[in-house]
Amino acid sequence: MNTQPPAVRRWLAHPWLSLVIAAGWLLLQGSLAPVHWIWAAVFGLVLPWAAHDFIGPARRVRPSWGMLRLVLTVSWDIVIANVAVARIVLDPTRAPRPAWLRVRHGLDDPRAVVLLATIITTTPGTVSCVIEEERGEILVHALDAPDADAVAADIVQRYAAPLREIFR
């Protein structure tokens, strides 16, 4: 039985999410006309407010060098993975070795787990298919994984470890 009072829904409970939504809206519009600024502000305020019961109260994440390292690592890995997938697709003699991986992430914060699944899916050649909360695993399909255990260990080392540091 949950004895905690329900979280209070505030308009700016998730300021970073509001900022990202507003910036994303402006980028999608490709214009800085005043009407787009107004809609960006409306969406940036209303969407996090409406999703409050789903995403829960904001959690403070301490900015750190780990965040910057993670962003740079993920960005670099996306570029490298695009090249690798392009080689597989464009070279008819190259046969990919697909595999299912069980990635034991060791993350406690559900937001970190979802972010890890998003990073995995964003990186070409891998898709996170199932988050198994009870087991602390993410089931991942990899397009080319000659050594499934090594790929899973690489995902944990490159992404889960920094997320653990950021969300502690």
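Residues numbered from 1 in each chain as written. Predicted model: local features only at pLDDT ≥ 70, side-chain atom pairs only at ≥ 80, totals over all residues. Heavy atoms only, no water.

J.: I tried to follow the overall build of the chain on my own but got confused; where do I start?
T.: A count of helical and extended segments in the chain gives six helices and three strands. Element order for the chain, N to C, with α for helix and β for strand: α-α-α-α-β-α-β-β-α. Its C-alpha atoms give the chain principal-axis dimensions of about 55 × 50 × 30 Å. Counting the 168 residues in the chain, one finds 29% classified as buried. Long-range contacts, defined here as pairs at least 24 residues apart, represent 71% of the contacts in the chain between residues at least 6 apart. Separation of charge centres in the chain, based on 16 positive and 14 negative side chains, amounts to 7 Å. (Helix = DSSP H or I, 4+ residues; strand = E, 2+ residues; numbered from the N terminus. Buried < 20%, exposed > 50% of the residue type's maximum accessible area, 1.4 Å probe, protein only. Contact = heavy atoms within 4.5 Å. Lys, Arg positive; Asp, Glu negative; His and termini not counted. Charge placed at Lys NZ, Arg CZ, Asp CG, Glu CD.)

J.: Which parts of the structure should I look at to understand the side chain of Glu132?
T.: Mapping Glu132 onto the fold places it in strand 2 (residues 126–132). Taking the relative accessible area as the measure of exposure, Glu132 reaches 16% and is therefore buried. In this structure Glu132 touches Arg102 and Glu137, once residues within four positions along its chain are discounted.

J.: What am I meant to see in the packing of helix 4 (residues 65–90) against helix 6 (residues 148–166) here?
T.: The relative placement of two packed helices comes down to the angle between their axes together with the axis-to-axis distance. Running from N to C, helix 4 and helix 6 point in directions that differ by 160°, and their axes come no closer than 9 Å. It follows that helix 4 is roughly antiparallel to helix 6 by the angle criterion. Read as a crossing pair, helix 4 and helix 6 show a hand that is left-handed. Residues Gly66, Met67, Arg69, Leu70, Thr73, Val74, Trp76 and Asp77 of helix 4 form the contact with helix 6, whose participating residues are Arg158, Tyr159, Pro162, Leu163, Glu165 and Ile166. (Axes fitted to C-alpha atoms, helices over the stretch in contact; angles between N-to-C directions. Parallel < 35°, antiparallel > 145°, perpendicular 65-115°, else oblique. Left-handed = near helix turned anticlockwise from the far one by under 90°.)

J.: Help me out: how do you make sense of the pattern of salt bridges in this one?
T.: Pairing is possible between side chains of opposite charge, provided their charged atoms come close. Scanning the model with the defined rule gives nine salt bridges in all. Between Arg158 and Asp77 there is a salt bridge, with the nearest N and O atoms lying 2.7 Å from each other. Here Arg158, found in helix 6, pairs with Asp77, found in helix 4; they are 81 residues apart in sequence, far enough to count as distant. Looking at Arg158, the relative accessible area reads 26%, which means it is partly exposed. For Arg97, the salt bridge goes to Asp144, with nearest N and O atoms at 3.1 Å. Of the two residues, Arg97 is situated in the loop between helix 4 and strand 1 (99–104) and Asp144 in the loop between strand 3 (137–142) and helix 6; the sequence distance between them amounts to 47 residues. For Arg97, a relative accessible area of 42% translates into the label partly exposed. You can call Asp144 partly exposed: its relative accessible area is 22%. Salt bridges linked by common partners bring Arg102, Arg104, Glu132, Arg135 and Glu137 together as one network. (Salt bridge = Lys/Arg side-chain N within 4 Å of Asp/Glu carboxyl O.)

J.: I'm lost on the packing of aromatic side chains in this one. Help?
T.: The way to describe two aromatic rings as a pair is by their centre distance and the angle between their planes. Under the definition given, this model contains two aromatic pairs. Both rings, one in Trp25 and one in Phe43, keep their centres 4.7 Å apart while their planes meet at 65°; by these two values the pair is edge-to-face. Taken together, the residues Trp25 in helix 1 (residues 15–29) and Phe43 in helix 2 (residues 34–50) connect sequence positions 18 residues apart. Accessibility expressed as a relative area gives 25% for Phe43, which makes it partly exposed. (Phe/Tyr/Trp six-rings, centres within 6.5 Å; stacked < 30°, edge-to-face > 60°.)

J.: So what exactly am I meant to see when it comes to the nonpolar core here?
T.: One recurring pattern in soluble globular proteins: nonpolar side chains tend to sit buried together. Leu101, Leu116 and Leu163 are the most contacted members of the largest nonpolar core, which has 23 residues in total. Counting residues per element, the ones that place at least two in this core are helix 4, strand 1, helix 5 (110–122), strand 3 and helix 6. Among residues more than four places away in sequence, those in contact with Leu163 are Leu70, Leu107, Ala112, Leu115, Leu116 and Ile119. (Core = buried A, V, L, I, M, F, W, Y, C linked by side-chain atoms within 4.5 Å.)

J.: Where do I start with the confidence of the model for the chain in this structure?
T.: The predicted coordinates of low-pLDDT regions are not to be read in fine detail. Averaged over every residue, the pLDDT of the chain is 88; residues scoring 70 or more account for 92%. Within the chain, strand 3 carries the highest mean pLDDT (96), whereas helix 3 (residues 52–55) carries the lowest (78). (pLDDT = per-residue confidence, 0-100.)

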